[in-house]
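# Residue-level structural notes
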Amino acid sequence: MRYRAEQCVHSRFLLLSEMSKTTFRIWRGDREGGEFRGYETEITEGMVVLDAVHQIQAESAGDLACRWNCKAGKCGSCSAEVNGMPKLMCMTRLSDLPLDEPVTVQPMKAFPIIKDLITDVSWNYRVKKKIKKFKPRPPDAEDDTWRMAQEDIDRVQEFRKCIECFLCQDVCHVLRDHDLHDEFIGPRAMVYTAALEMHPLDTEDRTEELRKAYGIGYCNITKCCTKVCPEEITITDNAIIPLKERVVDDFYDPVARFLKRLGRGKAKAETEAPAAKPD
Amino acid sequence: MAEDQTFEFDVLVIGAGGAGLRAAIEAASGGLSVGLVCKSMLGKAHTVMAEGGVAAALANVDDRDNWRVHFSDTMRGGQYINNWRMAELHAKEAPDRVRELEAWGAVFDRTKDGKILQRNFGGHKYPRLAHVGDRTGLEMIRTLQDHGIHQGIDVHMEVTVITLLKDGDRVCGAVAYDRERGRFRIFHAKAVVLATGGIGRAFKITSNSWEYTGDGHALAYHAGAELIDMEFIQFHPTGMVWPPSVRGILVTEGVRGEGGILVNSEGKRFMFEDIPDNYKSSTADNPDEGWRYVLGDKEARRPPELLTRDHVARCIVREIKEGRGSPHGGVFLDIAWIKEKISKSEEHIKRKLPSMYHQFKQLADIDITTEAMEVGPTTHYVMGGVRVEADSQMSTTVPGLFACGECGAGINGANRLGGNSLSDLLVLGKRAGEHAAKFAGEHGAGGIDQSQVEDAKRWALAPFERFEGPGADPEGAYQIQHSLQETMQDLVGIVRRGDEMERALGEIKKLRERAGKIGVPGNREFNPGWHTALDLDNLLTVSEAVARSALERKESRGAQFREDYPEKDPDKWGKVNNVVRKAADGSMQLKSIPIPEMPEELSKIIKEMG
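Predicted model, so just to flag it, every value in this text is computed and none were measured.

### Quick look at the overall build of chain A
- Regarding its fold elements, chain A presents 11 helices and seven strands.
- Here chain A holds 279 residues, and the buried ones make up 54% of them.
- Sequence-distant contacts, at least 24 apart, represent 62% of the contacts inside chain A between residues at least 6 apart.
- Carbon and sulfur atoms provide 52% of the accessible area of chain A, an area that totals close to 12500 Å².

### What to know about the packing of helix H1 (residues 18-29) of chain B against helix H4 (residues 136-148) of chain B
Residue and element names in this part refer to chain B.
- Packing of H1 against H4 leaves a shortest axis separation of 10 Å and a crossing angle of 30°. Relative to H4, H1 is oriented roughly parallel. Seen along the crossing, H1 lies across H4 with a hand that is left-handed. For the pair H1 and H4, the contacting residues are Gly18, Leu21, Arg22 and Ile25 in the first and Ile141, Leu144, Gln145, His147 and Gly148 in the second.
- Of the residues assigned to the contact of H1 with H4, the class counts are four nonpolar, four polar and one charged.

### So, the sheet that holds strand E12 (residues 261-263) of chain B
Residues and elements named next belong to chain B.
- Ordered in space as E11-E14-E13-E12, the four strands form an open sheet in which the pairing is antiparallel. Lying at the two open borders of the sheet, with one neighbouring strand each, are strand E11 (233-240) and E12. Pairwise comparison of adjacent strand axes, ignoring direction, gives a mean angle of 45° for this sheet.
- Inspection of the sheet shows E12 paired to strand E13 (residues 331-334) by three bridges, in the antiparallel sense.

### Digging into the state of the cysteines
- Following the criterion strictly, the structure yields zero disulfides over all chains and no others.
- Here A:Cys75 is not cross-linked by a disulfide; its sulfur's nearest cysteine counterpart is in A:Cys70, at 3.8 Å.
- Left unpaired, B:Cys407 is separated from the closest cysteine sulfur, that of B:Cys404, by 6.8 Å.
- Judged by relative accessible area, which is 0%, B:Cys407 ranks as buried.

### Let's talk about the interface of chain A and chain B
- Each side of the interface is counted separately: chain A has 65 residues, and chain B has 76 residues.
- Of the roughly 6000 Å² buried at the junction of chain A and chain B (both faces included), carbon and sulfur atoms supply 54%.
- At the junction of chain A with chain B, the criterion picks out eight salt bridges.
- The partner of A:Lys128 in a salt bridge is B:Asp146, and the shortest N-O contact between them spans 2.5 Å.
- Our count for the contact surface shared by chain A and chain B stands at 40 residue pairs in polar contact (both at pLDDT 80 or more).
- For the side of chain A that touches chain B, the elements supplying multiple residues, two or more each, are helix H1 (11-17), helix H2 (49-59), strand E6 (113-115), helix H3 (122-130) and helix H4 (150-159) of chain A.
- Among the elements that line the side of chain A that touches chain B, the one with the most residues is H4(A), at four residues.
- Looking at side-chain class alone, the side of chain A that touches chain B contains 33 nonpolar, 12 polar and 20 charged residues.

### Examining the sheet that holds strand E10 (residues 227-228) of chain B
All names here are of chain B.
- Spatially, E17-E15-E10-E20-E21 is the arrangement adopted by the five strands of the open sheet, whose pairing is mixed. The open sheet has two free edges, formed respectively by strand E17 (408-409) and strand E21 (588-594), since each of these has just one partner strand.
- With two bridges joining them, E10 and strand E20 (residues 576-582) adopt antiparallel strand pairing. Its bridge partner being in E20, leucine 227 is matched across the sheet by valine 580.
- Relative to the sheet, helix H16 (residues 528-552) contacts E10, E20 and E21, its axis offset from that of E21 by approximately 45°.

Conventions we followed
Sequence order as written defines the numbering, with residues in each chain counted from 1. Ligands are numbered from 1 and chains lettered from A, in the order in which they are written. Local features are withheld for residues below a pLDDT of 70 in this predicted model, meaning they are given only at 70 or higher, and side-chain atom pairs are given and counted only at 80 or more; totals for whole chains, interfaces and linings count all residues. Side-chain metrics in this entry use all non-hydrogen atoms of the structure; hydrogen atoms and water are not considered. Under the DSSP-based scheme used, a helix requires at least four consecutive residues in state H or I and a strand at least two consecutive residues in state E, with every element numbered from the N terminus. Each residue gets one of three labels from its accessible area relative to the maximum for its type: buried under 20%, exposed over 50%, partly exposed in between, using a 1.4 Å probe on protein chains only. Every residue pair with non-hydrogen atoms within 4.5 Å of one another is taken to be in contact. Surface accessibility follows the Shrake-Rupley procedure with a 1.4 Å probe radius. Residue values consider only the protein chains on display as shielding. Interaxial angles span 0 to 180 degrees and are taken between N-to-C directions of axes, which are lines fitted to C-alpha atoms, for helices over the stretch in contact. For classification purposes, angles smaller than 35 degrees are called roughly parallel, those larger than 145 roughly antiparallel, those between 65 and 115 roughly perpendicular, and all remaining angles oblique. By definition, any crossing whose near helix is turned counterclockwise from its far helix by less than a right angle is left-handed, and any crossing with a clockwise turn is right-handed. Classes in brief: Ala, Val, Leu, Ile, Met, Phe, Trp, Tyr, Cys and Pro nonpolar; Asp, Glu, Lys and Arg charged; the others, Gly included, polar. One bridge is not enough; two strands pair if DSSP finds at least two bridges between them. Whenever a pair of cysteine sulfur atoms sits within 2.5 Å, that pair is classed as a disulfide. Buried area, as used here, totals the accessible surface that two parts lose on assembly, with accessibility defined by a 1.4 Å probe and the loss added over both. We define a salt bridge as a side-chain nitrogen of Lys or Arg found within 4 Å of a carboxyl oxygen belonging to Asp or Glu. Whenever a nitrogen or oxygen atom comes within 3.5 Å of another N or O atom, the pair is scored as a polar contact, on the condition that within protein one atom can donate a hydrogen and the other can accept it, and that pairs from neighbouring residues in sequence are kept only if both atoms are in side chains.

Here it is in structure tokens:
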């Protein structure tokens, strides 16, 4: 019988349902400074960290600031550090945490604090605006659109899953520890650049910027960004490393660069797109 | 406290989901100055939650599709009280709007010959939904966002508008506050576009986030605009029901589009038992035919799981009420069963429904490739909203005020088809932006009446004074919001009765009195208690509009089901829409207005399509 009454009752929920109050240590403060404060709240089946934060907000800390929207891992608003790990609070189940000790919740470290769990992530938006925008080749199908094969867009679709939670930016040591926000655009913006560069219709060239303004050389492939990505985008292997290869091809291998330019120029000439930039 | 900040724009767009972004892009395209205000950060609005796809008669998968079929499907879904002109424009223009997104960088799933792939969805005769797995909304909002940031639009993130400013009849700006510091921002604008989304937070079980408090609806209402069709709230048939903390989170209709079936605790596929007469000729009467439809057999009729959302939601409620529900008060939605039909079904499901797989695995410990999900209805969408002219999306009563997306109304009638919201926000969002720009070009700036600004600011700051003032006995905003949600869920929900809705109106009145005593601790800096207190006023307004409109409509049609009037009344209620408007004395007034007669060319289409 497929639709058993008990099919959804899982052992770890039963375990959790026997527990009651749990302690949370939540960072409270603003630009001037702050501290961890303790809160106790009742835990029920299936709760995630964001539920606990909301419950605390409603019970005892009405002005506790946190961002959230979809509550289903789709909007990337509720990023924070839970027990020291960059996480989406809405997708972090309490049953996956050790509840015999306090659960620590604090704001992302790589960005300036605004209040409590809220950080100023506006830098990410400014960085994105600097990246050269999508520039498609002219439509070449008879209905004035394009044809693209699914296998040619699989990789780009992987990058476009990004929900802009900025956890990868938070964990990236270039930003987090070395504070090089002016010189390195970070994993999220690399994934965005990769999605544009590998888009079958795009004709723009961003390798010069990747090397200089975007600072791709700073990434030394520790893959921390890949590990924290809630969308499981293979950031380092699929986005950053291929971009590094493009940069190497273009700037350090003159033969490859020549052939590539030739190929690009030809494709562009055929579609009457603007000619490639002179070297 | 710092001085107010003042901004001047030709066009101010309030709300930055799909509709607001599309409107802003359009308004900015002619070189006008455009401000875009959003309550959250850019790219986080509810459009990201849209999963299944965007409806457009591209005819890439089935060449029998065209705008006439889409128009007819939309009107049938809305039970013929839609604004037919909007439905016509929408069906005609949606394909171009989708192709335009591709030119802006969107990457939709492909057909074998490299075109945009389209999938089946409830109420759509042919596979019509262009999609990206089950994250179509994310693809759309990101495309609009990434295109929009290069159009010179001035984006104000995490800013909430509290009132519209008027100069005589026309709108001339808005007062807002920023969440970060609680400072006021005064916007002067020649035209204002409302694109604030829905009202889902008026209900306890909802797929909507904290933002959806009917802000645009209430702002428009207080500015003198009419709200139409407010009785029609879409309860999406499939929300998660368990564990409790995720109750209401959306489970895409795409699951059923890909072959998912609804089953009760007896293992019975109950949707076969209740197929409405007007859908009998187009609905499969056996599982085999339904499956052939999913595979793309053009001779097969669609499975009953793909009937319209209002009907599927009621069938689920019936199963639960009659004791055939799942353990946590829902029914089973099963996509895993397709392993009987296709090889590598696990891979197929993960590829077609990746976020559903993810969502159930992480939040409910369910592997949807091997187990059934538990689902039940969740408040999802409001068909009702600001009454606007079809072609321009301008308010029927307030010059210079435009509305589009969920907060506009008319196109969906009594029930919206899945996938039509994403196409609606593109088509009507573009039109709103275009006509707002035109209005701004033809009219100078209105004069700001400083007393309106001061009134709004005083009102907004009152909750802090009530918390600390002499003899303070403050009420908590969260508690009142919670009570309102319980009231609306229990008394104005999926199954409605006159006496219960009378009671709801009484409750809303009491809650409004209590809301006048709300006190908020803390200061103005990113204080969610304060934000909740201000949003609550909008929720109370829209809740009253919903209850009044639903009470007035003494029939069952589309999303409105009246236990005391279970039948449709085509002679009376099939010919009118309900409209509410704020009277001079501040009370809410309701009238029923006749639906204009459809031109012959459109009524002919409906007759032909059946």
